[in-house]
Amino acid sequence: MDADRQRIPDSNRRKVATSLKDASIKLRQNSKRIPFRRHVSAGRLFSPYAGFALLLLWSAGCHDAESTGNSGKVTGASAADAKSTGDPPRQTLARFADVAQASGVKFEYRDGQEAGNYAILESLGGGVALFDFDGDGALDIFLPGGGKYGPKNEILGRAGALFRNGPARPDGTRSFQEVTTLAGVEQAPYYSHGTAAGDYDGDGFPDLLVTGYGGLLLFQNQGDGSFVELAHAAGLTDTFWSSSAAWGDLNGDGILDLYVAHYVNWSFSNHPFCSAGQEKQREVCPPKMFEGLPDVLYFGLGDGTFRDGSSEAGLVNVDNPSGDSLINSDKSLGVLLADVDLDGDLDIYVANDTVPKFLYRNKGNGTFDEVAWQSGAALSDVATADGSMGLDIGDFNLDGLPDLWVANYERESLALYPTKGIASFCMSAVRPE
Ligand SMILES: [Ca+2]
Ligand SMILES: [Ca+2]
Ligand SMILES: [Ca+2]
Ligand SMILES: [Ca+2]
């Protein structure tokens, strides 16, 4: 499978992002009732134990959960089930047209691949934040800029862009104005990937977190249309390669906390030659060549600063950051915060690349049990650890229980995890048609 990855042309590397958008759209078409809180940011098994994993999950009680789930309406929720009901397939009349350029949103994320380094750094792409930074009721757009290389392969950042949503035109379309410099978000000391908006200081104005290689950026919204970057002053001193992040109050003190997903330990001093199949042409190395990096959970302190609470929260691998297990663990690309078990607190679902996903169940106080394997949300429907990147949640089958959606790498299936029973927190992957 990883050999396949090496042969994939550069231009195809991020088709998964498109798949995620398509997937989210399809989910929302059927998600008319979502009775749970949702906080979203927004990123192959080592088969020797695949079969064992499947058996373990099945025997661990997933089938028992069907009789203990509290919904009283447990369903496997597969497409086949839908067909068996005799209900007509749900359809939508929604159609989309690309109006980015016409609306004034002219921007291109760049990854520096023109340098010919074939670095795995270039394979992640960039994210987007839709948030109303100026409080006028209209969503604005922030896009991280990515990065490039210096003459000696220094890893450099490229400026992102902030587009302010302007008045509607007479024909109803929107017009955006770029205000990057005016707003003070042009700083780009790091090669950037993801971004997450959240009002971490509770002043009513959403702030911006930007992830990337070498450090985090925290743009504090000043409330006057401008931002000030103060990640280090706020205690966000993480220097690991970060991909995604999500805001949410994980310990219930009313103050936003921050989960930062880290990817792998690549650097130019750890940059092996990987060839495309039998050819001598260099290609981007697959993630299995690198150790994963433990994620970080920062608790907000209420004074605009944070402390690293990863260890007390119980995050995987935090207390053993150089352990041998990291080659098979913790290569995180996406994170979603939501009350998956409907007990009133935020849980954490983490998409990992080529290694099992994490599902952290909140004990109610910001400490967690990692239950992805037991719950059935760690692997695919055929017990493979796919290249998981994008996450979403919604009640797609309208049974009142939240279901998880995962966008994986190309040539892998998208994955849907219907929740079968909250009491035992049991899910099982199905392959959408
Ligand atoms: Ca706005
Ligand atoms: Ca704020
Ligand atoms: Ca908190
Ligand atoms: Ca919960």
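This text goes with the structure placed above it.
All of these numbers come straight from a predicted model, not from anything done at the bench.

S.K.: So what about the nonpolar core? Which residues, and what values?
M.R.: Grouped together as the largest cluster of nonpolar side chains are 97 residues, with contacts concentrated most on Leu208, Ala245, Leu258, Tyr259 and Tyr349. No other element matches the five residues that strand β16 (residues 332-338) contributes to this core. Beyond its immediate stretch of four places on either side in the chain, Leu258 contacts Leu209, Ala245, Trp247, Tyr298 and Phe306.

S.K.: Can you explain the pairing of strand β18 (residues 358-362)? Please cite residues and give values.
M.R.: Of all five residues that make up β18, four are buried, and the element is covered over most of its length. Relative to β18, strand β17 (residues 347-352) is paired through three bridges, and the arrangement is antiparallel. Opposite Tyr349, over in β18, you have Leu359 as the bridge partner. Hairpin remark: β17 followed by β18, antiparallel, with five residues in the connecting loop; positive phi at Thr354, about 70 degrees. Taken together, the three bridges between β18 and strand β19 (residues 368-370) define a ladder with antiparallel strand orientation. From the neighbouring strand, Arg361 faces β19, where its bridge partner is Asp369. The loop that links β18 with its antiparallel partner β19 comprises five residues; one of these, Gly364, has a positive phi angle of about 110 degrees.

S.K.: Go over unusual backbone geometry with me, naming the residues and quoting the values.
M.R.: Working note: non-glycine residues mostly have negative phi, and peptide bonds are mostly trans. For Thr354, which is not glycine, the phi dihedral falls at a positive 70 degrees. Among the structural elements, Thr354 can be located in the loop between β17 and β18. For Thr354, a count of 25 C-beta atoms within 10 Å corresponds to the buried category. Here Arg411, not a glycine, exhibits a phi torsion of approximately 70 degrees, which is positive. Among the structural elements, Arg411 can be located in the loop between β21 (403-408) and β22 (415-417). By C-beta crowding, Arg411 is classed as partly exposed, having 13 other C-beta atoms within 10 Å.

S.K.: With reference to specific residues and values, describe the environment of Tyr200.
M.R.: In this structure, Tyr200 sits in the loop between β8 (191-198) and β9 (207-213). You can call Tyr200 buried: it has 25 C-beta atoms within 10 Å. Residues Tyr200 and Asn221, spaced 21 residues apart in sequence, show a C-alpha to C-alpha distance of 9.8 Å. If sequence neighbours within four positions are ignored, Tyr200 has contacts with Asp207, Trp247, Leu256 and Gly300.

S.K.: Run through the sheet that holds strand β6 (residues 161-165), naming residues and quoting values.
M.R.: Reading across the sheet, the four strands line up as β2-β3-β6-β7 and stay open at both edges, with antiparallel pairing between neighbours. Strands with a single pairing partner mark the edges of an open sheet, and in this sheet they are β2 (129-131) and β7 (176-178). Here the average twist between neighbouring strands, direction ignored, is 20 degrees. Summarising the sheet, β2 and strand β3 (residues 140-143) pair through three bridges and their orientation is antiparallel. Residue Leu130 lies in a different strand from β3, and its bridge partner there is Ile141.

S.K.: Help me get a handle on the environment of Asn165, residues and values and all.
M.R.: Within the secondary structure, Asn165 sits in strand β6. When the C-alpha atoms of Asn165 and Ser175 are compared, they prove to be 6.2 Å apart, with 10 residues separating the residues in sequence. If we ignore the near neighbours within four places in the chain, the residues touching Asn165 are Ala138, Leu139, Asp140, Arg174 and Phe176.

S.K.: With reference to specific residues and values, describe the pairing of β8.
M.R.: On a regular strand, one side chain projects to one face of the sheet and the next to the other, so that they alternate. In terms of residue burial, β8 counts as a mostly covered element, since eight of its eight residues are buried. Two elements, β8 and β9, share six bridges in a ladder whose sense is antiparallel. When the sheet's bridge partners are listed, Thr195 is paired in β9 with Val210.

S.K.: For the sheet that holds strand β14 (residues 296-300), give the residues involved together with the corresponding values.
M.R.: Strand order in the open sheet made by the four strands is β12-β13-β14-β15, with antiparallel pairing throughout. Of all strands in the sheet, those bounded by a partner on one side alone are β12 (242-248) and β15 (306-308). On average, adjacent strands in this sheet sit at an angle of 25 degrees to one another, irrespective of strand direction. Here β12 runs beside strand β13 (residues 257-262); their pairing, made up of six bridges, is antiparallel.

Cut-off values and rules
- Residues numbered from 1 in each chain as written.
- Chains lettered and ligands numbered in written order.
- Predicted model: local features only at pLDDT ≥ 70, side-chain atom pairs only at ≥ 80, totals over all residues.
- Core = buried A, V, L, I, M, F, W, Y, C linked by C-beta atoms within 7 Å.
- Buried ≥ 20, exposed ≤ 12 C-beta atoms within 10 Å, placed from the backbone.
- Helix = DSSP H or I, 4+ residues; strand = E, 2+ residues; numbered from the N terminus.
- Contact = placed C-beta atoms within 7 Å.
- Pairing = 2+ DSSP bridges.
- Axes fitted to C-alpha atoms, helices over the stretch in contact; angles between N-to-C directions.

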